[in-house]
Structure formats: structure tokens, C-alpha cells
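Take a look at the letters that make up each chain.
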Amino acid sequence: MSPLSRLPRHAILPLILLTASLGLAASGLAQPSATSPSTPVVGSGNTVTADPPLPRPRTTPCTVQLFANFQFADFSPKPFTYTPPAACPGPWAKVILSADFSITAGRQFDRTAEIALGHTNLYFGTTAEPSGTVARNWHVERDLTDYSPLFATGQTGEVNLGNLVNSTFTGILSGSAVLQFYPVAKHEPAPRTADTVISLSTGTGGTATLANTSSVLAPTLSLPTNVEAAYLDVIPQSQSGDEFWYTCVLDDVAGELASCGGTAFREVEVTVDGQPAGVAPVYPWIFTGGIDPLLWRPIPGVQTLNFQPYRVDLTPFAGVLANGQPHQVGVRIYNANNFFVVAASLLLYQDHGASHVTGAVTRNTLSAAPSPVVEENLTTAPDGTITGTVTTTSKRQLTISGYVNTSHGKVETTVAQSLDFTNRQDFTVSATRFTQNITQGTKIDSGTETRQGGSVALAGKHLSYPLTLDIDFVANADGSGAQTTTYDQKFDSQEARVGKGIPFVGTVTNHAASVDTLLFDASGSVTGFANRKSSQDYFSLATDSGCYSRSITAQDGLLATVTDGKGCLSH
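## A closer look at the overall build of the protein
Okay, so step 1: Along the backbone of the protein there are four helices and 29 strands.
Okay, so step 2: For the protein, whose C-alpha radius of gyration is 24 Å, the value lies close to the compact-globule estimate of 25 Å for 571 residues.
Okay, so step 3: For the protein, the spread of C-alpha atoms along the principal axes amounts to about 80 × 50 × 50 Å.
Okay, so step 4: Per-residue burial over the protein gives 53% buried out of 571 residues.
Okay, so step 5: Sequence-distant contacts, at least 24 apart, represent 75% of the contacts inside the protein between residues at least 6 apart.
Okay, so step 6: Of the accessible surface of the protein, which amounts to about 23,300 Å², a share of 53% is contributed by carbon and sulfur atoms.
Okay, so step 7: Averaging the coordinates of the 32 positive side-chain charges in the protein and doing the same for the 45 negative ones gives two points 7 Å apart.

## A closer look at the state of the cysteines
Okay, so step 1: Applying the stated criterion across every chain yields a total of three disulfides.
Okay, so step 2: With a sulfur-sulfur separation of 1.8 Å, cysteine 62 is cross-linked through a disulfide to cysteine 88. Across the S-S bond linking cysteine 62 and cysteine 88, the dihedral sits near 65°, which makes this disulfide right-handed. Separated by 26 residues along the polypeptide, cysteine 62 in strand 1 (residues 62-72) and cysteine 88 in the loop between strand 2 (78-82) and strand 3 (92-103) bring together distant segments of the chain. Take cysteine 62 and cysteine 88: they sit in the same class, and that class is buried.

## Let's talk about a negative patch on the surface
Okay, so step 1: On the surface, Asp251, Asp252, Glu256 and Glu376 cluster together into a negatively charged patch.
Okay, so step 2: Mapped onto the fold, aspartate 252 is located in helix 3 (residues 251-254).
Okay, so step 3: Aspartate 252 gets classed as exposed once you look at its relative accessible area, which sits at 57%.

## Here we look at the layout of surface pockets
Okay, so step 1: Of the pockets and cavities examined, the second largest pocket occupies roughly 360 Å³.
Okay, so step 2: Taken together, 17 residues line the second largest pocket, and the ones lying closest to its centre are Phe75, Arg111, Thr112, Gly162 and Gln239.
Okay, so step 3: For the lining of the second largest pocket, the secondary structure elements donating two or more residues are strand 4 (112-117) and strand 10 (207-212).
Okay, so step 4: When grouped by side-chain class, the residues that make up the lining of the second largest pocket number four nonpolar, nine polar and four charged.

## Notes on the sheet that holds strand 6 (residues 136-143)
Okay, so step 1: In space, the four strands of this open sheet follow the order 1-8-3-6, with antiparallel pairing throughout. Because the sheet does not close on itself, it has two edges, and the strands there are strand 1 and strand 6. Across the sheet, the mean angle from the axis of one strand to that of its neighbour is 15°, orientation sign disregarded.
Okay, so step 2: Summarising the sheet, strand 3 and strand 8 (residues 173-183) pair through eleven bridges and their orientation is antiparallel. Directly across from leucine 97, in strand 8, lies its bridge partner leucine 179.

## Regarding the packing of aromatic side chains
Okay, so step 1: Inspection of every chain in the model, using the stated rule, returns 25 aromatic pairs.
Okay, so step 2: When the centroid spacing of 5.7 Å and the interplanar angle of 20° are considered together, the rings of tyrosine 465 and phenylalanine 491 count as stacked. Taken together, the residues span a long stretch of sequence, with tyrosine 465 in the loop between strand 23 (455-464) and strand 24 (467-475) and phenylalanine 491 in strand 25 (residues 481-498) at a distance of 26 residues.
Okay, so step 3: Among the residues examined, tyrosine 465 registers a relative accessible area of 5% and is labelled buried.
Okay, so step 4: In this structure phenylalanine 491 comes out as buried when scored by relative accessible area, which is 15%.
Okay, so step 5: Members of the aromatic cluster, each reached through a chain of ring pairs, are Phe124, Tyr283, Trp285, Phe287, Phe307, Tyr465 and Phe491.
Okay, so step 6: Here the basic side chain of arginine 532 rests over the ring of phenylalanine 529, its NZ or CZ set 4.8 Å away from the ring centre.

About the thresholds
Residues numbered from 1 in each chain as written. Predicted model: local features only at pLDDT ≥ 70, side-chain atom pairs only at ≥ 80, totals over all residues. Heavy atoms only, no water. Helix = DSSP H or I, 4+ residues; strand = E, 2+ residues; numbered from the N terminus. Rg over C-alpha atoms; globule rule 2.2 N^0.38 Å. Buried < 20%, exposed > 50% of the residue type's maximum accessible area, 1.4 Å probe, protein only. Contact = heavy atoms within 4.5 Å. Areas by Shrake-Rupley, 256 points an atom, 1.4 Å probe, with all protein chains shown as cover. Lys, Arg positive; Asp, Glu negative; His and termini not counted. Charge placed at Lys NZ, Arg CZ, Asp CG, Glu CD. Disulfide = S-S within 2.5 Å. Patch = residues over 30% accessible without salt bridge, like charges linked within 9 Å, V, L, I, M, F, W, Y side chains within 5 Å. Salt bridge = Lys/Arg side-chain N within 4 Å of Asp/Glu carboxyl O. 1 Å grid on protein atoms, 1.4 Å probe; cavity = no way out; pocket = protein on both sides within 12 Å on 5 of 7 lines; lining within 4 Å. Points joined across faces, edges and corners; volume = space filled by probe spheres on them. Nonpolar A, V, L, I, M, F, W, Y, C, P; charged D, E, K, R; others polar. Pairing = 2+ DSSP bridges. Axes fitted to C-alpha atoms, helices over the stretch in contact; angles between N-to-C directions. Phe/Tyr/Trp six-rings, centres within 6.5 Å; stacked < 30°, edge-to-face > 60°. Lys NZ or Arg CZ within 6 Å of the ring centre and 35° of its normal.

Here it is as C-alpha cells:
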């Protein structure tokens, strides 16, 4: 029995963090400070985040322009041509996508943006909404080093950023993007990257639409016969009826609670040849037009402009994927209720010393579907007022093991994971008041053990996605009203690796909060706002990039304060 399977729940990550910390102390590794972004302008209403730029190597990059000053005023994807950097032929120490977007002042919806190269998604996010007097611009980055084989050959790409521009919706979006290729420094090894990258979707932007639970993205693939490790990067974006999935309830009470149906639980299910192979949580991203657009001016929600992929470890299936037969790697969204847009990229690491490997899956406890539980505790008063709670929970645990016989010996991999989800909604629904207070939490603990001969490598990750969203609308006797919305959301990550290469420990906390009261007249038109403020705190600490901390606050739609480094003082 694997040591991972004997550990009590939530014990895997603390053990690895402790071991990695001890390894770091013994190695004497330097911890350089992370690069700080340029200081935002206090008093500005422009879009701003506390997110750091990605750490860069000290070498000088070669920059390849993907597209420049593209305008997006319709729903036609915009093609571009990519040519590899002749002066930096690779391998690369790091490959970074750097993109800048802007929108003119006026009226416009938030829009979805996708950049793809050869149908593989490079970037997935949404845009900032403008105001009538404030144009906005913002910057996004993504580390694509693991996707290095994609950039070895010239090919076409496209930007998919559909936007309606007419006499009513006047905001025009523009964008530019480059790839930065950082050479490997002398006397330093190149990082191990994927040998093959395959997009599961051949659709526009490297994405596919999944309308409901039975919708599956599962192409048939011809794969290399020497796969020794495999991962799937997944980005599930909720759209249309699923956009506010965390506010949904069971269909039988959706009407009386003025909410969406389908329950408040969504989950990504990953399969190999139709068999359960992995699970990915769905992050509750809130776009800049969501709930109350003023909540996100000037500070948007967590990751709203730049979705981060979730990586599913499929390495226990490597021996199966390498058997020379066609295989289907599939993705579906449990409880999708029209609809999700999904980017999914398969990363394969191959045995450079053999053209064929063998192997098998030896254990798989993952069930085909989760079993969420919904509890309703609602009462209706004689005057018709509804009060009470709707609570949705889901708990999952899995262990998947497999082995592959490689040119450097037999490698055994065990992936153990637990996922806990809870969503509690408190309602008051009457003729003059609507209150919906949501407290949601998603926790994921993952541990991977890799055994080869007498050596053992351990990797662990803990993720937490807490969300608090309170909505309170009060109608006055004269027909006017006010809606107060309070938002608080985090992305917390702790990660560690020991036993192979340089030990790594890293933590990230991204916390955003906002409150606003919208005022309405009797016709439903917005007449103003009150008590409007927002903030974001970003902290990261890692063995390879040091410490970064930035806190920003805004008042009445204008940036009020910027504080750098405070979170690093105690580390």
C-alpha cells in the first residue's frame, strides 16, 4: 500500500511542506525578491489590480509579436501568424505571454477574450467594462514554459474577442500581445517541459462549449508510444445560465426564490477512454458586469481578467496512453445548466531513451460522478414572505495509482485527492425586500507520490476558494429602491515538492473585497450609489521568486492607496 493512501485526510500537504522547508534550509538557496509592477496612479479610475508580474530569468529575452493594435468591434476572430524567434532557438528558461488590452470610454458589456495558437489556448479571461467618461486599460501575463514545443514551429493563431459596437454599445476594445522567450543562462540546465501539447478542442480560441452534464469534449487522439507523464490543464468558464451558478438552487424552489436552477454545485470531470481519471473544481469568477458593475471599478474580482488553469495529474494513466491505440481524453461539467466554455490542453512528457514504454493503472477509486446533497429549510409566512436556507455540499476522495516501465526503470505514481464543497444561501423574499446571502467554500488537498527504485518524490498542493456574496434589495413605498451588495473572495494556494531536483515551497493569497449600494428611482433607473469601496491584497512567497506583497484600496471608484511590501516584513 502506498504511504499516501495511509495518511489521514489533509495530512499529505503539511507533511510535504515540513519536509520541503527542511530541505530548503539545508540547501541554502537564495530567495530573491519578486519583481514589483509599476505603481498605479492614486486618484485614477482606471482598472487596477495588485497582481504581480511573473518572475523573469536574468537573461535577455527575444520578443515575438503575435498581434498589435487589433480592434474588436464585431464577433469575427482575428487571425495572426507566429514565427519562432531565430535569435533564441531554444530550449528556453521561460516563455511568457504578455498582453495589453484597452477599451474606449462609453457603454459596453464585459467580454470574453481568448488567444490561441494552432487551436491551443494561450490566454483565457474577460474584459473590464468602461464607464461613460473613463476609458480603461489592463495588462495580463501567463507562464507558457511548459508549452514550449508549441512554439518550435511557425503556425497561425487567432484572437477571439467578440464585441458588439453600435449606437447603444459604443466601447471599442483593442489589444496587443507578445511572447517573450528567455534563453537558458550559461552553466544552467534547461527546465523540463512537455514534449507534446495537444488541445482537446479545435474550436475558435482553443475552447469548446459544454451545455449540460451530458455534453462531453472527448476527441479521439493518436498519442506517442513513449509517454511517461501526462497532465491536463483545464479552464472552465461559466456563461449564460451558468454565469452565476453559485447563486443557484434546486429547480423546485428557483421560481419562488427568484434564483437560477440546477443547484449551486458544478465540477469538472476528466476521463480517459470514458473511465474516471480526475476531477477539477470550478472557480467562481465574477465578471466586471456581474451583480453590480460598480463593484469592479476600478478593482476587478479575483482572476477576472486572467483565468488560471487547474492542472489535473493524469500520470497514473501514462502507460495506458502509450500503448499505441487511439485514446479519448474527455472533459465534462457536472450540473452544467447552459452553459460552460472550456479550454483543455493535454501536456505529455516522453521517455527520451525509448520509443515504446509499457504500463497500467493499478488502482482507481474515483467514482464516475459526485453525489452532492441539497438541504432546504424554507418557511412561508401568511403574508407570503419566504425565509430560510438552502445548503449544498459535496465531498469527494480519490486515489489513483499506475506505473510505467521506462528506459530509466519502473516509475510508480499515486495521486490522492480530497475535495470539499459547501454553499449556504440565506433568503428573505417578500413584497418589499429580497435578501440572498451566500457563503461558499471549495477546498482541495492533493498529494502525488512518485517511486522509482529506492527513491521517492512527493508533491502536495492545498487550494481554497472562499466566497462571500450578500445581496440585499429594499423597495420603498414610492417605488424607488436600493440594492446593497457585499463581496469578499480569495484564492489561496500552498504548494511543495521534495525528493527530485531542488525543493520547492510556495504560497499565494489573492484576496479581493468590495461593497456598494445602488440607488434606483421608481422606473428602475440607477440614480446614484452610496458606501462604495473596494480593496485587493496579494501576497506570494516562493523559493524560486522570493516574497511579493501589494495592497490597494479604492473609494467611490477611484484608487485611494497602494501599499507595497508590508506582507513580506514578517517573512
